[in-house]
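# Report on the structure
Next come the chains, spelled out residue by residue.
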Amino acid sequence: MPFPQERPRRMRRTEALRSLVRETVLAPDDLVWPLFAVPGKKVRNAVRSMPGVFQLSVDELVAEAQAGYEAGVRSVILFGVPEHKDELGTGAYDDDGIIPRAIRALKEQVPGLVVMTDVCMCEYTDHGHCGVLKPARVGAPGSDLVVDNDATLALLAREAVAHAKAGADVIAPSDMMDGRVAAIRRALDEQRFDDVPILSYAAKFAGAFYGPFRDAAESAPREGAGIPKDRKGYQMDPANWREALREVALDVAEGADMVMVKPAVPYLDIVRLVRDRFELPVAAYHVSGEYAMIKAAAQAGWIDEERVVLETLLCCRRAGADLVLTYYAKDAAGLLTGKRR
Ligand SMILES: [Zn+2]
């Protein structure tokens, strides 16, 4: 066929034609900005492995969220580093803990902002696991302790209620315990927070892309006698897509309002599968390791950071993510609206 009848190129000739037929749009209000709250005042601790990301005291966090809001970022998700850590992660469900304090300040000073909160135990436990530990009857080789799924549920529920009381708009459990969405939903409803939605980290894969986050949240599992050395006992195996769909189906059945796939880019096939099988809004978390790789290549002068960032986030949307959690949220919003600081 020497002269093809169909020429998709015809619609690529000018930017106006291209934008006319563009299938996916990336907008600042699709983005959710993860922020790390630490105790103190005027604290801005640079996270070594994530250039441009800081641990922020509540006053600084409010200023940062305000700047993001002005750039077009309408949602943040908060992670907390508490004053002290202990075996039971009591800082996680303290009504005056770091996250409730941050929520109250944000709701007061940036009223239009959607404040999501990560609900997990790993930032608050001294051993760094996402739940409380108990002696293993059957454990992984070398660990005498395992995460106690059912005992953890009650603590996660208390944490979610503490966040809702402080004014959180969305509760986002990331622990990967079985049954946690139902436990949190029940606890929120009992306390008459039935209007507070749950964004569940439904398919969260255990892997190497979270390394920089653990610097930022100070949540790496501690090395110690009997303590499981990683999270593979409760987070998902990167090899499994059918299991991811099962995890999502469970969270939907338990009452999740939105579901998340984490990490994003290496797992966009999962995002697409979830998008095709479920009607709920889908989130993709462009995680710390993904951020750090772009930053490092950009700092070496090997890629055009701005273009790579926008393309990456657009591709998350094209794969089916309604919202994208990214450390690039403010910068990307600035690029999209032309209002860079
Ligand atoms: Zn955790």
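All chains use their own residue numbering, which begins from 1 and follows the written sequence. A pLDDT threshold of at least 70 governs which residues receive local features in this predicted model, and a stricter bar of 80 or more applies before side-chain atom pairs are shown or counted, although totals over entire chains, interfaces and linings include all residues. The side-chain numbers reported here are obtained from all heavy atoms of the structure, hydrogens and water having been left aside.

### Concerning the environment of Gly334
Formally: Secondary structure counts use DSSP, requiring at least four H or I residues in a row for a helix and at least two E residues in a row for a strand, with both numbered from the N terminus. Each residue is assigned to one of three classes by its accessible area relative to the maximum for its type, calculated with a 1.4 Å probe on protein chains only: buried under 20%, partly exposed between the two thresholds, exposed over 50%.
Within the secondary structure, Gly334 is located in helix H11 (residues 329-337). Residue classification places Gly334 among the buried residues on the basis of a relative accessible area of 3%. With 266 residues separating them along the chain, Gly334 and Gly68 place their C-alpha atoms 8.5 Å apart.

### Observations regarding H11
Inclusion rule: It only takes one pair of heavy atoms within 4.5 Å for two residues to be counted as in contact.
The complete set of buried residues in H11 reads Ala329, Lys330, Ala332, Ala333 and Gly334. At its buried positions, H11 is contacted by strand S1 (31-38), helix H2 (58-71), helix H10 (305-319) and strand S12 (323-326).

### A few points about the side chain of Ser219
With respect to the helices, strands and loops of the structure, Ser219 is situated in the loop between helix H6 (211-217) and helix H7 (242-254). Ser219 sits in the buried class, given a relative accessible area of 1%. For Ser219, the residues in contact, after removing those within four places along its chain, are Cys122, Glu123, Gly128, Phe213, Arg214 and Arg231.

### A short note on the coordination of the zinc ion
Spelled out, the test is: Metal coordination here is assigned from N, O and S atoms located within 2.8 Å of the ion, or within 3.2 Å for Na, K and Ca; omission of water means that sites may look incomplete.
The coordination sphere of the zinc ion contains the protein donors Cys120 (SG), Cys122 (SG) and Cys130 (SG), at a distance range of 2.2 to 2.3 Å. Between consecutive donor residues of the zinc ion, the sequence gaps follow C-x1-C-x7-C. Taken together, the residues Cys120 in the loop between strand S5 (114-119) and strand S6 (133-135) and Cys130 in the loop between S5 and S6 connect sequence positions ten residues apart. Exposure remark for Cys130: the relative accessible area of 0% places this residue in the buried category.

### Structural notes on a positive patch on the surface
Applicable threshold: The residues that make up patches have over 30% relative accessible area and no salt bridge, and they are joined within 9 Å when like-charged or within 5 Å when they are Val, Leu, Ile, Met, Phe, Trp or Tyr. To be clear on the numbers: accessible area is Shrake-Rupley with a 1.4 Å probe, and residue cover counts the displayed protein chains and nothing else. Within this document, salt bridges are pairs made up of a side-chain nitrogen of Lys or Arg and a carboxyl oxygen of Asp or Glu, the two lying within 4 Å of each other. Under this rule, positive means Lys or Arg and negative means Asp or Glu; His and the chain ends count for nothing. Each charge is placed at NZ for Lys, CZ for Arg, CG for Asp and CD for Glu.
Together, Arg7, Arg9, Arg10 and Arg12 make up a region of like positive charge exposed at the surface. Mapped onto the elements, Arg9 comes out in the segment before helix H1 (15-20). The exposed category is assigned to Arg9, whose relative accessible area is 63%.

### Some details on unusual backbone geometry
Between Lys262 and the following residue, Pro263, the backbone shows a cis peptide bond with an omega angle of -5°. One can find Pro263 in the loop between strand S10 (258-262) and helix H8 (268-277). If you check the backbone angles, Lys42 has positive phi at about 55° while not being a glycine. You can see Lys42 is positioned in the loop between S1 and strand S2 (44-46). Here Met176, not a glycine, exhibits a phi torsion of approximately 70°, which is positive. Here Met176 falls in the buried class, since its relative accessible area comes to 4%.

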